[in-house]
Every structure is written in C-alpha cells, then in structure tokens.
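# Residue-level structure breakdown
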Amino acid sequence: MDDTIARVEMRDIRKRFGAIQALCGVNLILKRGEVLGLAGDNAAGKSTLMKVLSGALLPDGGQIFIDGRQIKLGNPEDSRSMGIEMVYQDFALVDNLNVAANMFLGREHVLFRLGPVRLLNKRTMAQESLRLIDNLRIDIDSVNLKVKHLSGGQRQAVAIGRVTAFDSSIIIMDEPTAALNVVAVEKVLALIHQLKSQGCSIIISSHRLEDIHQVSDRVIVLRHGRKVCDRPIIDDIHTFRECVVAYMIGAKDDYSLSEEC
Amino acid sequence: MDEMKPVPSPVKIRIQQLRNIFRFREFSIAFAFLGLCLFFWWQRPEAFLKLANLKVIMRFVATFGLLAIGEILVIITDGIDLSVGSMTALTGVFAATLMMKGVGPIPPLGILPSILIVLVFSGLVGRWHGFCVTKLQIPSFIITLGTWLVARGMAKYITRGYPIVFPLDFPFLELGQGEVFQIPVMFVILVIVAVLAAFILRSTTLGRHIYAVGGNIEAARVAGINVDRVRSFCYVSSGVMAGLVGLLLASRLGQGTPTVGSTYELWAIAATVIGGTSLRGGEGTITGAILGAAIMGVMFNGMVIVNMSPYVQETVLGTVLVVAVTYDMWRRRRSTF
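Every value quoted in this text rests on a predicted model; they were computed, and no experiment measured them.

Along its length, chain A carries 8 helices and 12 strands. Relative to the globule expectation of 18 Å for 261 residues, the C-alpha radius of gyration of chain A, 19 Å, shows essentially globular dimensions. The proportion of buried residues among the 261 residues of chain A is 46%. Taking as baseline every contact in chain A between residues at least 6 positions apart, the subset at least 24 positions apart corresponds to 69%.

With that settled, consider the overall build of chain B. For chain B, the helix and strand inventory stands at 15 helices and 4 strands. For a compact globule of 337 residues, the expected C-alpha radius of gyration is about 20 Å, and chain B comes in at 21 Å, within 12% of that figure. Projecting the C-alpha coordinates of chain B onto the three principal axes gives extents of approximately 80 × 55 × 35 Å. The proportion of buried residues among the 337 residues of chain B is 46%. Sequence-distant contacts, at least 24 apart, represent 79% of the contacts inside chain B between residues at least 6 apart.

Core analysis: the largest hydrophobic core is formed by 165 residues, its most contacted members being Ile 202 of chain A together with Phe 64, Leu 67, Ile 69 and Ala 271 of chain B. It is helix H4 (residues 51-76) of chain B that contributes the most residues to this core, 15 residues altogether. Setting aside residues up to four positions removed in sequence, Ile 202 of chain A forms contacts with Val 35, Leu 36, Ile 171, Met 173, Ile 192, Leu 195 and Lys 196 of chain A.

What follows deals with helix H6 (residues 182-197) of chain A. Residue and element names in this part refer to chain A. The end-to-end C-alpha distance of H6, which contains 16 residues, comes to 23 Å, matching closely the 22 Å that a straight helix rising 1.5 Å per residue would cover. For H6, the set of buried residues is Ala 184, Val 185, Lys 187, Val 188, Leu 191, Ile 192 and Leu 195. Each buried residue of H6 sits inside an arc of 160° when the element is viewed along its axis, so together they form one side. Facing away from the buried side of H6 by more than 90 degrees, the exposed set consists of Val 182, Val 183 and Ser 197.

Another aspect to go through is the pairing of strand S1 (residues 8-17) of chain A. All names here are of chain A. The pairing of S1 with strand S2 (residues 20-30) spans 8 bridges and is classified as antiparallel. Among the inter-strand pairings, Arg 14 is bridged to a residue of S2, identified as Cys 24. Linking two consecutive strands that pair antiparallel, namely S1 and S2, is a turn of 2 residues; a positive phi of about 60° is found at Gly 18 within it. Sheet topology note: the S1/strand S4 (residues 61-66) ladder contains 5 bridges and is antiparallel. Looking at S4, one finds that Arg 11 is bridged to Gln 63.

This part is about the sheet that holds strand S5 (residues 69-71) of chain A. All names here are of chain A. Strand order in the open sheet formed by 4 strands is S2-S1-S4-S5, with antiparallel pairing between adjacent strands. Each edge of the sheet is formed by a strand with only one pairing partner; in this case those strands are S2 and S5. Neighbour-to-neighbour, the strand axes of the sheet open up by a mean angle of 30°, direction not taken into account. Lying over the sheet, helix H1 (residues 46-54) contacts S1, S2 and S4, oriented at roughly 115° with respect to S1.

Let us look at the interface of chain B and chain A. Counting residues at the interface gives 19 residues for chain B, matched by 25 residues for chain A. Of all elements in the fold, only helix H10 (205-215) and helix H11 (217-222) of chain B reach the threshold of two or more residues within the side of chain B that touches chain A. A per-element tally of the side of chain B that touches chain A places H10 of chain B first, with 5 residues. For the side of chain B that touches chain A, the class distribution of residues is 8 nonpolar, 7 polar and 4 charged.

Okay, the pairing of strand S3 (residues 35-40) of chain A next. Regular strands place their side chains on alternate faces of the sheet. All names here are of chain A. Most of S3 is tucked away, with 6 of its 6 residues classed as buried. Alternating residues of S3 divide into Val 35, Gly 37 and Ala 39 and Leu 36, Leu 38 and Gly 40, and every residue in both groups is buried. Where S3 and strand S10 (residues 201-205) come together, 4 bridges link them in parallel fashion. Paired with Gly 37 across the two strands is Ile 204, which belongs to S10. Bridging between S3 and strand S11 (residues 218-223) involves 5 bridges; their strand directions are parallel. In the sheet register, Gly 37 faces S11, and the bridge partner there is Val 219.

A separate point is the environment of Phe 172 of chain B. All names here are of chain B. Inspection of the secondary structure assignment puts Phe 172 in the loop between strand S1 (164-165) and helix H8 (174-177). Assessed through the 22 C-beta atoms surrounding it within 10 Å, Phe 172 is described here as buried. A sequence separation of 89 residues divides Phe 172 from Gly 261, and the C-alpha atoms of the two residues are 19 Å apart.

All names here are of chain A. Sheet architecture is open: 6 strands sit in the order S6-S9-S10-S3-S11-S12, paired in mixed fashion. Two strands close off the open sheet at either side, each with one partner strand: strand S6 (84-87) and strand S12 (226-232). For this sheet, the mean angle separating the axes of adjacent strands, direction not counted, is 20°. The strands that helix H8 (residues 237-248) touches are S3, S11 and S12; relative to S11, the one it contacts most, it runs at about 25°.

With that settled, the discussion passes to the packing of H4 of chain B against helix H14 (residues 286-305) of chain B. Residues and elements named next belong to chain B. In the contact formed by H4 and H14, the axes pass within 8 Å of each other and the chain directions differ by 145°. Crossing of H4 against H14: the hand is right-handed. Contacts between H4 and H14 involve Asn 53, Val 56, Ile 57, Phe 60, Val 61, Phe 64, Gly 65, Ala 68, Ile 69 and Ile 72 from the first element and Ile 286, Ala 289, Ile 290, Gly 292, Ala 293, Ala 294, Met 296, Gly 297, Val 298, Phe 300, Asn 301 and Ile 305 from the second. The residue inventory of the contact of H4 with H14, partitioned by class, reads 17 nonpolar, 5 polar and no charged.

For the rest of this paragraph, the subject is unusual backbone geometry. A positive phi angle, close to 50°, is found at His 224 of chain A, a residue other than glycine. In this model, Gln 137 of chain B sits at a positive phi of 60°, which is unusual for a non-glycine residue. With respect to the secondary-structure elements, Gln 137 of chain B resides in the loop between helix H6 (111-134) and helix H7 (140-159). Judged by C-beta crowding, with 7 C-beta atoms within 10 Å, Gln 137 of chain B ranks as exposed.

Residue and element names in this part refer to chain A. Along the chain, Val 182 falls in helix H6. Given 9 C-beta atoms within a 10 Å radius, Val 182 is considered exposed. Between the C-alpha atom of Val 182 and that of Gly 68, which follows or precedes it by 114 residues, the distance is 39 Å.

The next thing to look at is the confidence of the model for chain A. The share of residues in chain A with pLDDT of 70 or more is 95%, and the mean pLDDT across the chain is 82. Between the elements of chain A, mean pLDDT differs from a low of 78, seen in helix H2 (residues 76-81) of chain A, to a high of 90, seen in S10 of chain A.

Calculation notes
- Residues numbered from 1 in each chain as written.
- Chains lettered and ligands numbered in written order.
- Predicted model: local features only at pLDDT ≥ 70, side-chain atom pairs only at ≥ 80, totals over all residues.
- Helix = DSSP H or I, 4+ residues; strand = E, 2+ residues; numbered from the N terminus.
- Rg over C-alpha atoms; globule rule 2.2 N^0.38 Å.
- Buried ≥ 20, exposed ≤ 12 C-beta atoms within 10 Å, placed from the backbone.
- Contact = placed C-beta atoms within 7 Å.
- Core = buried A, V, L, I, M, F, W, Y, C linked by C-beta atoms within 7 Å.
- Expected span 1.5 Å × (residues − 1).
- Arc of directions from axis to C-beta.
- Pairing = 2+ DSSP bridges.
- Axes fitted to C-alpha atoms, helices over the stretch in contact; angles between N-to-C directions.
- Nonpolar A, V, L, I, M, F, W, Y, C, P; charged D, E, K, R; others polar.
- Left-handed = near helix turned anticlockwise from the far one by under 90°.
- pLDDT = per-residue confidence, 0-100.

Next comes the structure, spelled out in structure tokens:
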C-alpha cells in the first residue's frame, strides 16, 4: 500500500462540553507503522481526542480519514470495524473471567449457532490466546488463569494483547503505564515496540514523558484543546523533556498564528 | 510482579492437580451434602432411604432448585429477585383460575393453553423487572420487592383468600404428583432445566456475557456486549422459573392457594449462597445452586424424620447457612493469594 497516505488523519476536530471547548480544531496525522506520543497537561484534550477516534465520543465538527478515505464514527463498533482499538486506562478487563475469555470478550469464536444459541469455541480461543501471548512474549503461565490473579503489568499486557486479537492495526492507548510499577512499565513499553514491529500504528497518551520519549517516533503536545507542537523525537530525554514541558505550560507555541477559539 | 518462574516437577504438578480437585468449588458442597445424607441415614436407617421419603426430598429439591436456577442468573449479574416466592402464589392462583373458573367472560381454558399463558405472563413480569433495572435504573432489590408485595396482594385479591381447588382426577395434577419410573415428574423437570441452564452458562456466548456483566459491567459494555439484553434475559428467566414452580406447587397441592411459597425467595437465595455464589455478582454455578437446594431439602426432611422440634429446625438451618457462607468466603480468600 502507498506509504505516503496517512493511516489516520484527523482534520479540524472540534468538541465542546457545555461551556468548555475541549478541542478546538485539532489536526492529527498518524503514519503507517508509527508510534505517536500525545502529551499535554490535565484537561488539555488528550482523552477527548482519543475517544473521538475510538468512536466513544461524537465530535461537533471535523473529519476523520482512514487510509485517505473519509469515515464516519458513530460508536465504538464503527471504529472497531475500521481496525481501530482502544486500550482503556482502567484496563477494562473482567476480573472473574480467565485470560482467554477476556481476550475474546464480545467477539467470541463460535462453534455453531442455532437461532439465538451460540456455542463457544473454547479450544480455538484458548489456542489463539496462547499464540497471541507467545507472539507478544507476555509472561503468563496459563490462559485459563482468572484475570484477578494477575499482577498489574500482566493485566495491562492482557488488555493490550486483547486488541491484537482482532487484526486491529490502529491502537489507541490511554495512559497505559499510569498504574504500573517500574518493571511493569518496561514490559508494556517493550510490548508497544513489539506491536510496532508487527506493523501496527499506535497513539499513546501519557503523563510520563520518558515513556513517550522511549517508544514514540513523534510527539504532539496539546494545550487548552489546541495542538501547540508536532515534531519528531530526535533529542535526548533531557532536551526532550524541557522542550515538551515548555509547550505544555505555554512558553512555546508553534501554531499560535491559528485563530483562537 | 513477574517473578522468575521455577519449573515445577511432575510430582508437584500431580499434587497441584489433586489439590485443585479439593479446591474445586462444588467439591466441598457435595462433600457436605453426602455427609448430611450419611448422618440422617445413620440416625434413621429404616426411614431415610425409603423410596417414599426420597421422593419427598426430590420434590423439595425440585421446588427450591428451580427457583435457585432463576435466582442465580440474576445474582450472577449482580442483581437480586425477591419476587419469586410471591410469584409462585400468583401464578398458581392464576393457573387455577384459568383452568377452573375462567377470566371474566372467557370460559375455563384447557390445561396446555393455561400453562402457556401462565409461563408467558411470568416471563413478562420478569421482562418488566429487566426494563426497570436496565432502562429506568431502579435497583433490582427495590423493583422486585415491589412485585413481592403486588403479586402476593393480587393472588389474595383474585381468590378472595380462598384456595381454588382442582378435582381429584384432574390431569393437571400429574405435573406435581405424577412419577416417571418412580421419579417425580417435578424432579425430571428440574434435571432438564438444570442441564439446559448449565449448558447456557458454561458453553454459550450468552452465558459468558452473563458472567462478564456481573464481573465488570463497564468492561462488558465497551467490549460490545448488549448488557441490557443480557440482564433482561436473566430477569425473564427468573420470572419463568417462578411461574413454573407456581404451576408445580399448585399441581402438587391440588389447589391454587394465595398463601403458598411465602419466603421461598429467601430459600432460593440461601440455596445459591450455600452453593458458593457471590452476592456481589460474577460468580456462581448451576451445579452449586442445585447442591445448595439439595442440602436444604435433605436438612428439611432429615430434621423431621429425626423428630427434631420445629423451633430447633429453623435455628439449625440458619446456623448451617452462616457456617456455609463463612467457610466459603474463608476458602475463597485463601485461594486468591
């Protein structure tokens, strides 16, 4: 496929919650096989922007293109069918189900269906989950373990592994490292590298700038619902941090000429 | 955390498997059930294992087992259905009215149409509960408590307090009093329904979604599961089970009585809880619920045949309930680590 066409392009996305303009005309481009970091202070619009792309929120204005084709996202199902998957901040796993069941929740493999009765194909799902887990080198003993017995890092790994089960090639991660300890963070970042090498395009939002620096090719900084910075990551971590913080607090702004809203 | 994994030796694995059998949720309940049976058999060897007595126990287990099956579906989705006891009275009275008296200008109906109408009616009551819980966001405790009163009141109103008696040779009575190869029809119905329900819970997408909704309803929603439909299904099932038990009780007693089935909802809940169901949702099995009902059936019956005072009986049952739940929670806490 043509590499010059962006995998995802969001143009002039606007979203208002009552009196608050959460997004005022944000443009975003995600290239094929790219990891894009999304930084910004609280209430800068990171989560809103991601939820728009995942179909959980309807934007007030703007267009979204996938592979150059304009699409309309009305709900999470729509974006899922376009191959967009979101890893939720709070994992969105079901504690009392096992790893395999969580991986295929809502999209179970079915042995056969008879009217409303759909027989689960547990063996295929277990095998598939095992394959996905091995693929991503996730360290989990058995796919029959209930998720509540897993550590935070393992849970996040399952949540991320889950999105790979459906050939989703665009993955949105909202604060994937927020609730994790240092070792688990390393694992999750390794996982993101892995997904990238498998050809996924990834957007990751994080408060931890070192995480963004470590895995992303490019960073976008939002401030008050506006994009203020969009540049490749080439600096070392210290310069990068200083630079991004300057954008986050408003000391720098690459797009100040665009109209205020 | 992701610590180093030592490679377990085959012997260790064998021991682990053995231990898992003992940890198997239903094992301890089945063990308690067998222990109870042995105890009453030892106490009254001539009475307990008599065929007639076993039939009494089976009818008992069928009544509470069927109610528990409906109840457990609702409880797994983190709800509760308090209406089932009163609903058995209302549906029994309703069935008797349809068959014996007719409603208003409509003459008495045949047995099968009446049964169908009653089952559809009880399903609609369940649908109403589902609607209130999912769309109106009313807590299930409140809305089913309402039905608990309304259904009992309607049963009394319809009959003016008097039972509607079936003739002695009425074919409908076969349902609650008949036997197939010495096994009560009621019990056969329980087995069929239990197998069906266990199949749905264990092997179908619907069953998996029921557990998912009970475990984490938000996660289920973002996974694309129609959580409202799943929850409604459970309330409808519970309603239909109450209707079925209402029919069976009316048939067994030979009359539609407005006072039948009082506190049965609590017995059904007790059966599920003894069977290892968490009232916080997400956990529970049909096997457990049936075993819970079986334990209660054997206790009710056994305490009578060993001539225990009825006052003591309730005390003992209450104690058993508390001990069972305490043990189960302790075991579960331990297995989590």
